[in-house]
There are 2 protein chains.
Amino acid sequence: MGRPAKFSREQLQAAALALVDEHGLAGLSMRALANALGTGAMTLYNYVTEREDLDILVVEAVIAEARWSPGRNRDWREDVRLISTALWKAVRAHPHAIPLILTRRSRSPAVFGVSEALLDALSRGGKSGQELLVAFRSVSALVMGFAQAELAGPLAVKAGETANATIARFRALPAERYRCLIEIATAAESSAPEAEFRAALDLLLKGMSAGGD
Amino acid sequence: MGRPAKFSREQLQAAALALVDEHGLAGLSMRALANALGTGAMTLYNYVTEREDLDILVVEAVIAEARWSPGRNRDWREDVRLISTALWKAVRAHPHAIPLILTRRSRSPAVFGVSEALLDALSRGGKSGQELLVAFRSVSALVMGFAQAELAGPLAVKAGETANATIARFRALPAERYRCLIEIATAAESSAPEAEFRAALDLLLKGMSAGGD
DNA sequence: ACCTGAACACCGTTCAAGT
DNA sequence: ACCTGAACACCGTTCAAGT
């Protein structure tokens, strides 16, 4: 790949993310990104090896936006909350990019950095080895799983659908067969994503605190 | 759309899933699916309205494979484990389809059915309303988040990489900066996904049992 | 009512050629 | 060493026409 000069990786990341934010996933193509950068499509091959690398540029740009005030003096649970929420918010800030974040691997310092910060907080909660691994996987899964559910879960709001329309859609289901589903669709109406995320995280933190600490 | 006759929805689902299982996501196209069914591409537009519907066919085919022995007499926690694990295993059984399952919405009876079953178990744990909603979102997020992490998380194994190569890759990172990450990469080596999933689920169940029940 | 081939506007990427 | 246009083999979808 040599030492390309015309564009920096940050430029590529910013331009790729801007395309996705503005025009959706379909707006990101070799030709479109090249055009946004004022060059020809083939020039991009001096910076990436294949199309999928463009997706990874977007993922890294989004994760790099996760920010939390670092501090190893607080209660470890509060740090887990701060870091998890920062990651979750960065992801939710770019709804069009979420499919890429869920499916593309990145080994950038941004991705490894947030993982290490989360692990550090959990380790201060007294976890190590296998127990630390499970705690990390649990919290990470909760963050990504919440983002996933909002995008594609059974309660996900359809594009351009009002809250009333969503609940009406569930009320139209067979009441007997989907009793609970209809109940939580109603509950979701008077609920904020932030509160649900916080409550879910606290369930997990309670489960992690019960044994040790 | 009228009343198409030449193919059933089940036929389309099975053929689409077979294409993805065998040839990966890139193997699923209007032309390829039509060819697999022995017809022309345009014929498919009598059954779906756009390309993305093919992805949804795949999602429904995978979720419909989730099977658990129904029973409302066991401890509710055991039912949560059985249903969650059945869903997680169905997803993991089709690794190529996972990106679609994470990102495509389906409102098929199969998807709503597993949600209602999970909700029913949680409601037998004494949850209702907002509390039931949070419990459901937590368990669902854990299932999808675990599938997501195996596909694209920081510890995900690269295609065709041995366990030893994975751990060597982490050992090559700056030891100071990524102390915990290297520790859990080592722990992950002598760990089974099934055990991790079970342990994570039990953390959450413990957190959910502490207050009520 | 359902089916289908030709054609159009895209796409990623190979190749060959420029500086 | 980096850059780039033309060309190729795809793709989803519109259109018009068949039965």
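Data block above holds the structure.
Colleague: For the packing of aromatic side chains, give the residues involved together with the corresponding values.
Modeller: Following the criterion strictly, the structure yields ten aromatic pairs over all chains and no others. Taken together, a centroid distance of 5.8 Å and an interplanar angle of 35 degrees make the contact between A:Phe170 and B:Phe112 tilted. With A:Phe170 in helix H8 (residues 163–171) and B:Phe112 in helix H6 (residues 109–124), this residue pair bridges two chains. Of the residues examined, A:Phe170 reaches a relative accessible area of 2% and is grouped as buried. A centroid spacing of 5.8 Å and a plane angle of 75 degrees characterise the contact between A:Tyr178 and B:Phe112, whose relative ring orientation is edge-to-face.

Colleague: So what about the relation of the copies chain B and chain A? Which residues, and what values?
Modeller: In summary, the two copies of the chain are related to each other by a rotation about an axis coupled with a shift along it. Laying chain B over chain A is done by rotating through 180 degrees and shifting 0.0 Å along the axis; what remains is an RMSD of 0.0 Å. When the rotation and shift are considered jointly, the pair of chain copies conforms to a two-fold rotation axis. The residues that chain B uses at the interface reappear at the interface of chain A in 100% of cases, marking a shared surface.

Colleague: Talk me through the packing of helix H8 (residues 163–171) of chain B against helix H9 (residues 179–189) of chain B; I want residue IDs and the actual numbers.
Modeller: Residues and elements named next belong to chain B. Here H8 crosses H9 at 170 degrees, and the two axes come no closer than 9 Å. Accordingly, the angle class assigned to the pair H8 and H9 is roughly antiparallel. Residues Asn164, Ile167, Phe170 and Arg171 of H8 lie in contact with H9, whose contacting residues are Leu181, Ile182, Ala185, Thr186 and Glu189. Of the residues belonging to the contact of H8 with H9, the class tally is five nonpolar, two polar and two charged.

Colleague: Requested: an account of helix H4 (residues 76–92) of chain B, with residues and values cited.
Modeller: Residues and elements named next belong to chain B. Compared with an ideal rise of 1.5 Å per residue, which puts 17 residues at 24 Å, H4 spans 24 Å between its outermost C-alpha atoms and is within 8% of the ideal. With twelve of 17 residues buried, H4 lies mostly within the body of the structure. Here H4 has its buried residues at Trp76, Arg77, Asp79, Val80, Arg81, Ile83, Ser84, Ala86, Leu87, Trp88, Ala90 and Val91.

Colleague: Could you give an account of the interface of chain B and chain A, with specific residues and numbers?
Modeller: Contacts between the two partners involve 64 residues from chain B, matched on the other side by 64 residues from chain A. Buried area between chain B and chain A, summed over both chains or domains, comes out near 5,500 Å², and the portion from carbon and sulfur atoms is 65%. It is B:Arg105, B:Phe112 and B:Arg137 that lose the most area in chain B upon contact with chain A, and together they represent 12% of the buried surface on that side. Connecting chain B to chain A are four salt bridges. Put simply, the parts of the chain that give the side of chain B that touches chain A at least two residues each are helix H5 (98–103), H6, helix H7 (129–152), H8, H9 and helix H10 (193–211) of chain B.

Colleague: Describe the environment of B:Trp68, with residues and values.
Modeller: Residues and elements named next belong to chain B. Along the chain, Trp68 turns up in the loop between helix H3 (52–63) and H4. For the pair Trp68 and Ala97, spaced 29 residues apart in sequence, the C-alpha to C-alpha distance is 21 Å. Setting aside its immediate chain neighbours within four residues, Trp68 contacts Leu82, Ile83, Ala86, Val114 and Ala117.

Colleague: Lay out the environment of A:Arg72 in plain terms, naming residues and giving numbers.
Modeller: Residue and element names in this part refer to chain A. Following the sequence through the fold, Arg72 ends up in the loop between helix H3 (52–63) and helix H4 (76–92). Arg72 sits 63 residues away from Arg9 along the chain, and the two C-alpha atoms are 32 Å apart. When residues no more than four places from it in sequence are discounted, the contact partners of Arg72 are Asp79, Asp120 and Arg124.

Colleague: Explain the side chain of B:Ser209 to me, using residue names and the numbers behind them.
Modeller: Residue and element names in this part refer to chain B. With respect to the helices and strands, Ser209 occurs in helix H10. At a separation of 2.9 Å, a polar atom in the side chain of Ser209 contacts the side chain of Arg77. A polar contact of 2.7 Å, which involves the side chain of Ser209, links it to the backbone oxygen of Leu205. Sequence-distant contacts of Ser209, that is, excluding residues within four places in its chain, are made with Trp76 and Arg77.

Rules used in this analysis
- All residue numbers refer to position in the chain's written sequence, counted from 1.
- All chains are assigned letters beginning at A, and all ligands numbers beginning at 1, according to the order in which they are written.
- Reporting of local features is limited, given that this is a predicted model, to residues whose pLDDT is at least 70; pairs of side-chain atoms are given and counted only at 80 or more, and all residues count toward the totals for whole chains, interfaces and linings.
- In computing side-chain values, all of the structure's heavy atoms are included and hydrogens and water are not.
- In this scheme Phe, Tyr and Trp rings, the latter by its six-membered ring, pair at centre separations within 6.5 Å, and the angle between planes marks the pair as stacked below 30 degrees, edge-to-face above 60, and tilted otherwise.
- Each helix corresponds to a stretch of at least 4 residues labelled H or I by DSSP, and each strand to a stretch of at least 2 residues labelled E; elements are numbered beginning at the N terminus.
- Partly exposed describes any residue whose relative accessible area lies between the buried limit of under 20% and the exposed limit of over 50%, with all areas from a 1.4 Å probe on protein chains only and scaled to the type maximum.
- Least-squares fitting of one copy onto the other uses the C-alpha atoms of those residues that reach a pLDDT of at least 70 in both copies.
- Throughout, a residue-residue contact means that at least one pair of heavy atoms, one from each residue, lies within 4.5 Å.
- Helix axes are fitted to C-alpha atoms over the stretch in contact, other axes to C-alpha atoms as well, and angles between N-to-C directions run from 0 to 180 degrees.
- Relative orientations are named as follows: roughly parallel for angles under 35 degrees, roughly antiparallel for angles over 145 degrees, roughly perpendicular for angles from 65 to 115 degrees, and oblique for any other angle.
- Gly is placed with the polar residues, together with every amino acid not listed as nonpolar (Ala, Val, Leu, Ile, Met, Phe, Trp, Tyr, Cys and Pro) or charged (Asp, Glu, Lys and Arg).
- To estimate the expected span of a helix, subtract one from its residue number and multiply by 1.5 Å.
- Accessible area, probed at 1.4 Å, shrinks when two parts are joined; the buried area is that loss added up over both.
- Counted as salt bridges are all cases of a side-chain nitrogen of Lys or Arg within 4 Å of a carboxyl oxygen of Asp or Glu.
- Residues adjacent in sequence count toward polar contacts only when both atoms are side-chain atoms; beyond that, a polar contact is any pair of N or O atoms within 3.5 Å, and within protein one must be able to donate a hydrogen and the other to accept it.

Functional significance is not addressed by these values, which are geometric in nature.
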